[in-house]
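One-letter residues, chain by chain:
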Amino acid sequence: MWTGCDSVSQSAAHSSTDNGVNIPAAPDDSATDAVEFPDEDDPALRTLPYVRDELLVRVLPGAPDSDISEAYAGVGATVKTALPEIQTTVLSVAPEELLSTAQTLAQHPMFEEVQKNYLFAPEQVPNDRDFGAQSHLRIIRAPEAWDMTTGSADIVIAVLDTGVTDHPDLSVKLQSGWNIAENDGNTADEHGHGTSVAGVAAAATNNAIGVAGVSWQSPILPVRVAGADGLASTRSLAAGLIWAVQHQARVLNISFAPLAADRTVLGAAQYARSAGSLIFISAGNEGRPSGARANPNAIFVAATDDADALATFSTTGPFVDLAAPGTDILSTAATGAYRRVSGTSFASPIAAGVAALVWSVRTELRPATVEQLLLQTAHDLGPAGRDDRFGAGRVDAAAAVHAAVHLISDADNVAPTVNITSPPDNATVSGVLRVTAVASDDDGVVDVVLNLDGQPFATDTIAPYQFAIATGRLSAGAHTLSCMAGDASGNTATSAAVRFDVGTSSSDLVPPVVVFNFPVDGTSFAGTVAIQATVTDNAGLLRAEWLVDDIVRQTSAISGTRQVLSFTWDARSAGSGPHTIAVRATDEADNRATAVLNLVRE
């Protein structure tokens, strides 16, 4: 994803198969080569397929709706849907313009980031063996935990996956879910992965048939985020998290990877965590280290084998929080029978099931406390303490439940901390002011509200907490900012006030002046054409946009009162006949001017 004006590269189209899922290749056309965005944490994202006519954009809270609509129209993008809970909009774009559209939007001061809609494969390694004992339950000491609790019907486990089949060992546990991928209530499993994940976490138990789930009593909420091909998108996973939380799921499981650096999914995980839920995600089956950083809003689970060694396929790295058995796991199959499967896909729901057991004995516990109990009671493997292979260690159900039973108090009376880090106090500003705040809380920050001159201005629910203020719409002179952060327990804190001065008065009503230097209007050309224009303003320039046939092709920040701009248009793929090149200039008071040059493609 972009979080600024980063460089972008392209690589050749590719096709691969991952865990039995066919990943479509890009067409053999240079215009649709696989576009690589400069992902911040995980290079593995760059190898993933993605939806080629969609972009996910996060709008800065406070950005004027008119500016956002103009930006979308300027690049020829249309709004497909929105995830307002995480300030994210899904745009429909022309596939051949995905790269240039993303670059242009990323340079706009009202957008925080632009991301591809990645496609993720389920993290399983199929291994169909004969029926046998469920050794993973013995390893995590589930029978000892069941002596204390077998779960609670109040602790719902959401399975965000390929759907869940109405299996004899699952049917009495299934709630009415939702198909995010197709926007209907059909959550049937056409792939098979989700049914096995659900059985691991919470198959019906003590019913004289089949297998035992970790949490006997927990209902299963199926949220289908993938189609029959098994691929789930960034958009469907984020929407699935939001939907599940809004339908009372307490524990949520995602068995797709690599997700440790997907900002949109992790933003939705933060939303879910702030709402009082815990999110478990499979670490991945790459079998090699990943540089992805740890994230406080999701628990990433690695896989171990029957000897408590790391499974050979399990991805490692700083992002790994916990481990659980993930080899030869006997579970429910979409055929109505049973099968043995391996992968971090099945380690993750084991850990999720243990969380449900913990919550069953102490329903009032906060998500942070349940997570701490899982990590603190885990069986330490590898080097002493936390490591990149096992995280805190292999989950221990009996120890975690016992610790919850004997926990004395879980009251949260500690307010968050919050500070404005930008702009500095007493700064003189103009144009679009980006405000950045840092907030933290033991149980997670629910939201940060920006106050402008003592009044609520905008709210951000996803870290990093950033806002946009169009200072050209403010009066000249002094203004104040402060931020209030709140946590899930209702504790709040307000930052120290920051003062800033608007250096350019909104009484400036004089727009910039744009003049083309060359070529002359009406010029005929073939191939590429170099264009130059000069922009001047009486007070101060802010932004310049180049448009080709009314579509924004390039955006740049400008300053001062005079700027010479250059643009080279490669028109080899353009149709013959007349075309327009335009420069749209904006000054610091938000005055705008546009000049148009008419050219003829031979």
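You'll find the structure just up there.
Now for a look at the structure at hand. Values in this document were obtained by computation on a predicted structure and should not be read as measured data.

Here we look at the packing of helix α8 (residues 344-361) against helix α9 (residues 367-376)
Working step 1: Viewed as axis vectors pointing N to C, α8 and α9 meet at an angle of 120 degrees, and their least axial separation amounts to 10 Å. With respect to their mutual orientation, α8 and α9 come out oblique. Handedness of the crossing formed by α8 with α9: right-handed. In this structure, α8 uses Val354, Ala355, Val358 and Trp359 to contact α9, whose residues at the interface are Pro367, Val370, Leu373 and Leu374.
Working step 2: The class makeup of the residues in the contact of α8 with α9 is eight nonpolar, no polar and no charged.

Examining the sheet that holds strand β33 (residues 541-548)
Working step 1: Within the open sheet, the five strands sit side by side as β31-β37-β36-β33-β34. Their pairing is mixed. Only two strands of the sheet have a single partner each, and these edge strands are β31 (524-525) and β34 (551-557).
Working step 2: Where β33 lies against β34, six bridges are found, and the strand directions are antiparallel. Considered in β34, the bridge of Val548 is made with Ile551.

Regarding the layout of surface pockets
Working step 1: In this structure, the second largest pocket encloses a volume near 570 Å³.
Working step 2: Along its surface, the second largest pocket is lined by 33 residues, and Gln270, Asn295, Pro296, Asn297 and Ala463 are the ones closest to its centre.
Working step 3: Examining the composition of the lining of the second largest pocket, we find that six residues originate from one element, helix α7 (residues 263-274), more than from any other.
Working step 4: Of the residues assigned to the lining of the second largest pocket, the class counts are 13 nonpolar, nine polar and 11 charged.

A look at helix α2 (residues 98-107)
Working step 1: Here α2 lies mainly inside the structure; eight of its 10 residues are buried.
Working step 2: All of the buried residues along α2 are Leu98, Leu99, Ser100, Thr101, Ala102, Thr104, Leu105 and Ala106.

Focus: α8
Working step 1: With 18 residues, α8 ought to run about 26 Å at 1.5 Å a step, and its terminal C-alpha atoms sit 27 Å apart, in line with that.
Working step 2: Summarising burial for α8: 17 of the 18 residues are buried, a large majority.

A few points about the pattern of salt bridges
Working step 1: All chains considered together, the criterion is met by 24 salt bridges.
Working step 2: For Asp412, the salt bridge goes to Arg366, with nearest N and O atoms at 4.0 Å. Residue Asp412 is found in the loop between α10 (397-405) and β21 (417-422), and its partner Arg366 is found in the loop between α8 and α9; the two are separated by 46 residues along the sequence. In terms of burial, Asp412 and Arg366 fall into one category: buried.
Working step 3: Ionic pairing is found between Asp443 and Arg366, a salt bridge with its closest N-O pair at 3.8 Å. Note that Asp443 is positioned in the loop between β23 (432-440) and β24 (445-452) and Arg366 in the loop between α8 and α9, a separation of 77 residues in sequence.
Working step 4: With a relative accessible area of 17%, Arg366 lands in the buried category.
Working step 5: Connected via shared salt-bridge partners are Asp67, Glu70, Arg473, Asp590 and Arg592.

Calculation criteria
Residues numbered from 1 in each chain as written. Predicted model: local features only at pLDDT ≥ 70, side-chain atom pairs only at ≥ 80, totals over all residues. Heavy atoms only, no water. Axes fitted to C-alpha atoms, helices over the stretch in contact; angles between N-to-C directions. Helix = DSSP H or I, 4+ residues; strand = E, 2+ residues; numbered from the N terminus. Parallel < 35°, antiparallel > 145°, perpendicular 65-115°, else oblique. Left-handed = near helix turned anticlockwise from the far one by under 90°. Contact = heavy atoms within 4.5 Å. Nonpolar A, V, L, I, M, F, W, Y, C, P; charged D, E, K, R; others polar. Pairing = 2+ DSSP bridges. 1 Å grid on protein atoms, 1.4 Å probe; cavity = no way out; pocket = protein on both sides within 12 Å on 5 of 7 lines; lining within 4 Å. Points joined across faces, edges and corners; volume = space filled by probe spheres on them. Buried < 20%, exposed > 50% of the residue type's maximum accessible area, 1.4 Å probe, protein only. Expected span 1.5 Å × (residues − 1). Salt bridge = Lys/Arg side-chain N within 4 Å of Asp/Glu carboxyl O.

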